[in-house]
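# Coordinates in review
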Amino acid sequence: MSYRLGVDVGGTFTDLLLINDVTGESFTAKVPSTPHNPSIAVLNGIERICSIAGIEPSQINAVMHGTTVATNAILTRRGAKVGLVTTKGYKQVLHIARSFVPGGLGGWVIWNKGELLAPLELTVEADERIGADGQVVRPLDRESIRAELKRLAAVGIEALTISLINAYVNDRHEREILEIAHEVMPGIPVSLSSEVVPEMQEYERTETTVVNSYVRPEVEQYINHLQNELNQRIGNHSQLSILRSDGGLATSQSAAKTPVNLLLSGPAGGVAGAIWFCSRAGFDRVLTFDVGGTSTDVALIDNNQARIRRETRVGDVAVRAPSVDVRTVGAGGGSMASVPELTRALRVGPESAGAVPGPAAYDRGGEVATVTDANVVLGYLPKAQKLGGDFQVRHDLATAAVQKIADAMGVSLYEAAEGIVRLANEHMYGALRLISVEQGYDPRDFALCGFGGAGPLHANALGILMNTWPVIIPPGPGVLCAYGDATTRVKDEASRSVIRRVVDLTLDEVLASLDQLGTQVTESLAAQGIEPQSQQLNFQADVRYQGQALQLTLEIDREALASEGLKVITAAFDAEHEQLFSFSLEDSHELVNLRAIARAPRPQITERQYEGVQLELTAAETGKSPIHYSGKDYEATLYDRSKLAPGMVVTGPAIVMEMDSTTVVFPGYEAAVDRVGNLLIRPQE
């Protein structure tokens, strides 16, 4: 038997999901994360999940890993000491940025700019110049830059970025400096802007490449260490892949070289997992929401593909790297409730109790009421449920915390608890509207997928608010990010800036550029052991109206382009502009960038077989428990999800329990089990 392992490292827990490639049987595990060295938790988790599954680690053939190492390096500012090489006269490129100051009028008075990842004292200028047409205007002064690089080496830089003006059209001088850097500072990782993001706009290109250098040593060390440990424990046959921010996988070698593509690795895993289960259930248009302890991440899936944005933002750092278009709101299980004395109006979040001290019900010292405590009071987290399989919540402590809120508002305990949950639901509802209604999509045309540790608790309520049915709860919703890691595909991409009016281009020019980019990414994946004939190749174009700052990314069908001409691009842009902004123009279209994306074949994973499973719903019942919903008391039936099989229908009020999450089905609603094990919540007929 061969197995594949998905691993998602979070701030509190590391989630693991092991899949039997032949039978589709899966096993899950959660182990405490080890922030000082995340690989320790990964290795501990491998031991635990292999013990649960009763297999030897050597039977694992592939490890797919979502990591926050790059993200945390940015947020905690503990990345490498980065040196930067720019063209002479552009030394302050990172300082000037886009001359944008956040805040309203007069915001510049109180705004303090954060420290740059490549400080001015570590920035040197290369005496050279490449023209916008790619021609050499002034040759590189090699001796001058050699002296500057020796100075940077002497002060102990740990990574070097080379970002020259117009290097995206001609990388000759960047590569000359690279050769000198290898001589002057051997062993120091060097990132070239012409490799990391060969696109126009010098600030974005420089910032992105600097971030790549900033996180590269730590990410590289982590990946290499983890790969070595896996080789020792599992064997050299095990292949380590890392989840990218855009939902694709990168081989460990590619990820170590360009870690700037890993900054949103975590949220992308959940979206990838949702696509896997929803597509197999026949739903190709889905709104997803992932509710954790601190926040809720939402995304939109259309035609089985998540919307991708070309910018990734972590904290106050924005880079030109593709990522799943995930929006985040500060509402989660740990969001704290408060009643300001002045207004006496209930507030929930964005402050969170986190893992420590956590919600009051966790009995770890927390005394402030949270969304989790409100769910406990309402009975949605019953006494019979043990979080993570072995953690018992304290109903009495949750009640005491919520009672303080009730007293401050002058209402009953249940009214306060319902108010907390409803307010949290409204925050999540606002985020879902942001990615649907405010993007020109009708949420009634989509299904809704809830996951994360707390997502299924709020799923039925959000279905009501959005009027979006069915509400899908995939198997193992609390470890869905790990499932996404295990079921996504290796991908790579290459781009080229064009910046010309479409009317000034010929079809042959565009097709030739696409073919060159396609060959580049195909050969890149082939070098990583993926045969060209098994790869899927897609093309994109970034287009705008002439004079616009905004550009939209479009999927391009090469065959349609070859047969119908460049109107395929302009018509698609007009339609997308109409979709997003409710109008289109007759102005000239400008082609900004072309892009090719190569993907490895989808993993061949057998779906879980349910033959022979007990088909009596009563066998899944584990008892009764009281709940409070919409001002009334009900007796909810409790179910063990592991004993539910396709064809069964759970009628509300009900609570479906599993190791990693809890699903609430309200009175008047029902949850049907589909053929792949999803719970589909709908209003009762």
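Look a little higher up for the structure.
Residues numbered from 1 in each chain as written. Predicted model: local features only at pLDDT ≥ 70, side-chain atom pairs only at ≥ 80, totals over all residues. Heavy atoms only, no water.

## Structural notes on the pairing of strand E2 (residues 13-20)
For E2, a buried count of seven out of eight residues is recorded, marking the element as mostly surrounded by other parts of the structure. Two strands pair when backbone bridges link them, and strand E1 (residues 3-9) and E2 are joined in this way by seven bridges, in the antiparallel orientation. Following the sheet pairing, Tyr3 is matched in E2 by Asn20. Two strands pair when backbone bridges link them, and E2 and strand E3 (residues 26-32) are joined in this way by seven bridges, in the antiparallel orientation. Paired with Phe13 across the bridge in E3 is Pro32. Connecting the antiparallel pair E2 and E3 is a turn made up of five residues, with Gly24 showing a positive phi of about 80°. (Buried < 20%, exposed > 50% of the residue type's maximum accessible area, 1.4 Å probe, protein only. Helix = DSSP H or I, 4+ residues; strand = E, 2+ residues; numbered from the N terminus. Pairing = 2+ DSSP bridges.)

## Here we look at unusual backbone geometry
Look at the link from Trp469 to Pro470: it is a cis peptide, with omega at -5°. Within the secondary structure layout, Pro470 lies in the loop between helix H14 (455-466) and strand E26 (471-473). Here the bond from Gly652 into Pro653 is cis, since omega is 0°, no more than 30 degrees from zero. Positionally, Pro653 belongs in the loop between strand E33 (649-651) and strand E34 (654-657). The phi dihedral of Ser582 is positive, around 65°, even though this residue is not glycine. Here Ser582 lies in the loop between helix H18 (567-581) and strand E30 (589-599).

## Topic: the environment of Lys491
Turning to its location among the elements, Lys491 is positioned in strand E27 (residues 491-501). Sequence separation of Lys491 and Gln535 is 44 residues, and the distance between their C-alpha atoms is 9.2 Å. Beyond its immediate sequence surroundings of up to four residues, Lys491 is in contact with Arg244, Asp246, Gly248, Leu249, Leu525, Ile597, Ala598 and Arg599. A polar side-chain atom of Lys491 sits 3.2 Å from a polar atom in the side chain of Asp246. (Contact = heavy atoms within 4.5 Å. Polar contact = N/O pair within 3.5 Å; in protein donor to acceptor, adjacent residues only side chain to side chain.)

## So, the pattern of salt bridges
Evaluation of the coordinates by the stated rule reveals 31 salt bridges. In this structure, Lys491 engages Asp246 in a salt bridge whose closest nitrogen and oxygen atoms are separated by 3.2 Å. Of this pair, Lys491 sits in strand E27 while Asp246 sits in the loop between strand E11 (239-243) and strand E12 (249-251); the two residues are 245 residues apart in sequence, bridging distant segments of the chain. No difference in accessibility class separates Lys491 from Asp246, as the two residues are buried. With its nearest N and O atoms 2.7 Å apart, the salt bridge here joins Glu493 to Arg310. Here Arg310 lies in the loop between strand E16 (308-309) and strand E17 (312-314) and Glu493 lies in strand E27, a separation of 183 residues in the sequence. Judged by its relative accessible area of 16%, Arg310 falls in the buried class. Counted as one network, the salt bridges with shared partners bring together Glu199, Arg244, Asp246, Arg310, Arg320, Lys491, Glu493, Asp542 and Arg595. (Salt bridge = Lys/Arg side-chain N within 4 Å of Asp/Glu carboxyl O.)

## Some details on the sheet that holds strand E4 (residues 60-66)
One open sheet holds the six strands; their spatial order is E3-E2-E1-E4-E11-E12, and the pairing between them is mixed. Since the sheet does not close on itself, it has two edges, and those belong to E3 and E12, each with one partner. Ignoring strand direction, the axes of neighbouring strands in this sheet form an average angle of 25°. Across three bridges, E11 lies against E12 in antiparallel orientation. Across the sheet, residue Ser241 finds its bridge partner in E12, namely Thr251. In this fold helix H8 (residues 202-233) packs onto E4 and E11, with an angle of close to 145° to the strand it touches most, E11. Sheet contacts for helix H10 (residues 265-280): E1, E4 and E11; angle to E11, the most-contacted strand, approximately 100°. (Axes fitted to C-alpha atoms, helices over the stretch in contact; angles between N-to-C directions.)

## Overview of empty space enclosed by the protein
On inspection of all chains with the given rule, the structure shows two cavities of 30 Å³ or more. Estimates place the volume of the largest cavity at around 50 Å³. Every residue along the wall of the largest cavity is listed here: Thr86, Thr87, Tyr90, Val93, Ser163, Leu164, Ile165, Glu202, Arg205 and Thr206. Residue assignment for the lining of the largest cavity shows that the elements contributing at least two residues are strand E5 (82-87) and H8. Taken together, Pro267, Val271, Thr288, Asp290, Asp297, Val298, Ala299, Val326 and Phe451 make up the lining of the second largest cavity. Mapped onto the lining of the second largest cavity, the elements with two or more residues apiece are H10, strand E13 (285-291) and strand E14 (296-302). If one sorts the elements of the lining of the second largest cavity by residue count, E14 sits on top with three residues. (1 Å grid on protein atoms, 1.4 Å probe; cavity = no way out; pocket = protein on both sides within 12 Å on 5 of 7 lines; lining within 4 Å. Points joined across faces, edges and corners; volume = space filled by probe spheres on them.)

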